Amino acid sequence: MDWLVAVAEFLVNEILSVPAFLIGIITAVGLIALRRSTGQVVGGAMKATLGFLLIGAGATLVVASLDPLGALIQSATGAQGVIPTNEAIVGIAQESYGAQVAWLMICGFAVSLVLARFTPLRYVFLTGHHTLFMATLLTIVLASAGYSSGVTVALGGALLGILMVSLPAFAHPWTRRVTGDDSVAIGHFGTAGYVAAGAVGRLVGRSSKSTEDMKLPESLRFLRDAMVATALSMMVMYVVVALIALGRVGQEESFEAFGGAENVGNFLMLAVTQGLQFGVAVAVILFGVRTILGELVPAFQGIAAKVVPGAIPALDAPIVFPYAQNAVLVGFVSSFTGGLIGLAVLSLWLNPALGLALILPGLVPHFFTGGAAGVYGNATGGRRGAVAGGFVNGLLITFLPALLLEVLGDFGSANTTFGDTDFGWFGILVGYSADIGSAGGLVVVALLGLVVLGAAWLVQKKVVEPGWDPAPGRAKPAAAPVEVAPADGTAFAKIAPPRGAPAPPAPPA
């Protein structure tokens, strides 16, 4: 049986948990179903894989840029507590439950494909690393409640498969308001935050203009470039926080945020450099998103026709970033502000009264989920919606992780936890249901999964398919910001030459 465990762990850790490989395989399958040539299949799969590697490279740059800022914020505020980091808690859990996580993830992926094929929920969840994170959470919660390995894998796999097709359905009316069509869905376990952001945006911003329509004076025209605006904003934030940290804790401790600085001048220039690198990181992510969409969307036409009729790819949160690039920054800042206010509520009230842990605002989850929440809020409520949507997301990813720690058993004291909204609300419900114990707990957990599936089915039939628009008073969003090859593969859409380019030579007679 050891070789079976080894095979399962290889499939999970080396293929299914690596989004780039998973996307490349799915793209190749779609192109094969469309009967493309070998060169087109290989080229399309490679471009799709490279697009996701670009997103990963950009995400790595974002993390590298935000880590020093997090250290500076701790020095500036003196806050100590738990920082939600999905990767950290998953790494800790792998030591105890690696085999169970592997089998649970494979089981969940299979269940999701069966549900996508035989129910109206035609979503194929392609964010492999988030699938691994949710598989780990379910394993921890069910195993901590005392259930056997077999029960944990079977029940947890069913729950995971249900979530992978259900959550994209709950978010799809809001996602369609962002993208303008049904070409992609959101496949990220921060869905509750995005739906909340869209709903709040609708409430507060009916007449608010879009973040992308900001009118700038001619002298500030350069800020219309998203990369420049993002880099400049982060540079200012870095310098301000660095100066506060320098004044509060002195040179020795504040310099350590960058691994040591030579002097105050060098310290401040390192802050400036990190802000500029953040702008580069966001630009890389946006380019990767455009690359992956250009290959994956036409490939999915083949999958829709041959494997899962009407399939819609459910992709990672940055997939919505190109649709409202200014809203990404607005949502990030607003989400981080919500995290700080949530931390204040925890420290002044909920920690003394209920003993809940202090959740420090991690910049990485606030950037990715807060940025996406800003896009959703902007789609339904413009600028006010982006601000309010990001803020609500920040509160959710502060309070939910604090409550989730209560059901993680021994992992509740690991000084880290899962960060995104769906890990929070679903983990809490499953945890308290499983704690009933014995057959009663299993029945309640199974009913919870069926309720989620039934609700998603109802939303799909009554809300998504009739085309409900969550913001009917606002202008329709633009089409997807990518050039996509036609379904028959005959040609790609032509791109207009730049202004001033010489005329091409006339074709031969």
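Residues numbered from 1 in each chain as written. Predicted model: local features only at pLDDT ≥ 70, side-chain atom pairs only at ≥ 80, totals over all residues. Heavy atoms only, no water.

Helix and strand content of the protein: 13 helices and 3 strands. Within the protein, counting contacts between residues at least 6 apart in sequence, those at least 24 apart form 83% of the total. Counting only carbon and sulfur atoms, one obtains 66% of the accessible surface of the protein, whose full area is about 21,400 Å². (Helix = DSSP H or I, 4+ residues; strand = E, 2+ residues; numbered from the N terminus. Contact = heavy atoms within 4.5 Å. Areas by Shrake-Rupley, 256 points an atom, 1.4 Å probe, with all protein chains shown as cover.)

Further remarks concern the packing of aromatic side chains. Within the structure shown, the criterion is met by 14 aromatic pairs. Taken together, a centroid distance of 5.6 Å and an interplanar angle of 80° make the contact between F332 and F367 edge-to-face. Of this pair, F332 sits in helix α10 (residues 325-354) while F367 is found in helix α11 (residues 363-404), placing the two residues 35 residues apart along the sequence. The pair formed by F332 and F367 is uniform in burial state, with each residue classed as buried. An aromatic cluster is defined as three or more aromatic residues linked by ring pairs; in this entry it consists of F278, F321, F332, F367 and F368. Cation over ring: R117 sits above F118, and NZ or CZ is 5.2 Å from the ring centre. (Phe/Tyr/Trp six-rings, centres within 6.5 Å; stacked < 30°, edge-to-face > 60°. Buried < 20%, exposed > 50% of the residue type's maximum accessible area, 1.4 Å probe, protein only. Lys NZ or Arg CZ within 6 Å of the ring centre and 35° of its normal.)

The subject of this paragraph is empty space enclosed by the protein. Scanning all chains against the criterion turns up 4 cavities of 30 Å³ or more. Its boundaries defined by the atoms lining it, the largest cavity holds a volume of some 50 Å³. Taken together, T230, F278, V282, L286, F321, Q325, V328, L329 and F367 form the lining of the largest cavity. Elements with a minimum of two residues in the lining of the largest cavity: α9 (264-306) and α10. A breakdown of the residues in the lining of the largest cavity according to their chemical character gives 7 nonpolar, 2 polar and no charged. (1 Å grid on protein atoms, 1.4 Å probe; cavity = no way out; pocket = protein on both sides within 12 Å on 5 of 7 lines; lining within 4 Å. Points joined across faces, edges and corners; volume = space filled by probe spheres on them. Nonpolar A, V, L, I, M, F, W, Y, C, P; charged D, E, K, R; others polar.)

The next subject is helix α7 (residues 191-204). It helps to recall that an α-helix has 3.6 residues per turn; residues three or four apart then point in one direction. Taking 1.5 Å per residue, 14 residues should reach 20 Å; α7 reaches 20 Å between its end C-alpha atoms and fits that length. Those residues of α7 that fall on the buried side of the exposure criterion are T191, G193, Y194, A196, A197, G198 and G201. Structurally, α7 contributes buried residues whose contacts are with α6 (149-179), β2 (185-186), α11 and α12 (421-434). (Expected span 1.5 Å × (residues − 1).)

Moving on, we come to the pairing of strand β3 (residues 312-315). The side chains of a regular strand alternate, residue by residue, between the two faces of the sheet. Side-chain alternation along β3 places I312 and A314 on one buried face and P313 and L315 on a second face that is also buried. As paired strands, strand β1 (residues 123-125) and β3 are joined by 3 bridges and run parallel to one another. Bridged to F125 within β3 is A314. Inspection of the sheet shows β2 paired to β3 by 2 bridges, in the parallel sense. From the neighbouring strand, A185 faces β3, where its bridge partner is A314. (Pairing = 2+ DSSP bridges.)

Taken as a whole, this structure holds 3 salt bridges when the rule is applied. Across the salt bridge formed by D469 and R177, the nearest N and O atoms sit 2.7 Å from each other. Of this pair, D469 sits in the segment after α13 (438-464) while R177 is found in helix α6, placing the two residues 292 residues apart along the sequence. R177 gets classed as buried once you look at its relative accessible area, which sits at 5%. (Salt bridge = Lys/Arg side-chain N within 4 Å of Asp/Glu carboxyl O.)

Time to look at the layout of surface pockets. Considered as a void within the structure, the largest pocket measures approximately 1,000 Å³ in volume. Taken together, 43 residues form the lining of the largest pocket, with V63, E87, V364, P365 and F368 sitting closest to its centre. Elements that contribute at least two residues to the lining of the largest pocket include exactly α2 (19-33), α3 (38-77), α4 (86-118), α5 (128-144), α10 and α11. Examining the composition of the lining of the largest pocket, we find that 14 residues originate from one element, α3, more than from any other.

Okay, the environment of V29 next. When you line up the elements, V29 lands in helix α2. Residue V29 is classed as partly exposed on the basis of its relative accessible area, which comes to 37%. It is 9.4 Å that separates the C-alpha atoms of V29 and V307, two residues lying 278 residues apart in sequence.

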